[in-house]
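These are the residues of each chain, in order.
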Amino acid sequence: MANKADIDAAQKAIDAANNAINKLDLCGLYDCAWQAHDGYQRIIDYNKEQLEVTEHD
């Protein structure tokens, strides 16, 4: 189970990846990178929701 520190660290990694993606906008890599990013962001959002649910119990 991810905790808040794990989620915050993952969010920072995603933000860093965003910056890298923005610099990578060439040869169609941009679209591929964004698809991967969106998948990771959904995982982070899901983990945040799960964490909030467990904290309220």
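Before any of the text, the structure's been laid out above.
Residues numbered from 1 in each chain as written. Predicted model: local features only at pLDDT ≥ 70, side-chain atom pairs only at ≥ 80, totals over all residues. Heavy atoms only, no water.

This part is about the side chain of Gln 41. Summarising the element assignment, Gln 41 is placed in helix 2 (residues 29-56). Setting aside its immediate chain neighbours within four residues, Gln 41 contacts Gln 11 and Ile 14. (Helix = DSSP H or I, 4+ residues; strand = E, 2+ residues; numbered from the N terminus. Contact = heavy atoms within 4.5 Å.)

For helix 1 (residues 4-23), with 20 residues, the first-to-last C-alpha span of 29 Å sits near the 28 Å given by 1.5 Å per residue. Here helix 1 has its buried residues at Ile 7, Gln 11, Ile 14, Asn 18 and Ile 21. End-on view of helix 1: buried residues confined to an arc of 80°, all on one side of the axis. Turned more than 90 degrees from where helix 1 packs its buried face, Ala 5, Lys 12 and Lys 23 sit exposed. The backbone nitrogen of Ala 5 has a side-chain oxygen 3.1 Å away, supplied by the residue at the start of helix 1, namely Asn 3. (Expected span 1.5 Å × (residues − 1). Buried < 20%, exposed > 50% of the residue type's maximum accessible area, 1.4 Å probe, protein only. Arc of directions from axis to C-beta. Polar contact = N/O pair within 3.5 Å; in protein donor to acceptor, adjacent residues only side chain to side chain.)

Let us now look at the pattern of salt bridges. Scanning all chains against the criterion turns up one salt bridge. Between Lys 4 and Asp 8 there is a salt bridge; the shortest N-O distance is 3.1 Å. Residue Lys 4 and its partner Asp 8 are both found in helix 1; the two are separated by four residues, about one turn of the helix. Exposure remark for Lys 4: the relative accessible area of 48% places this residue in the partly exposed category. (Salt bridge = Lys/Arg side-chain N within 4 Å of Asp/Glu carboxyl O.)

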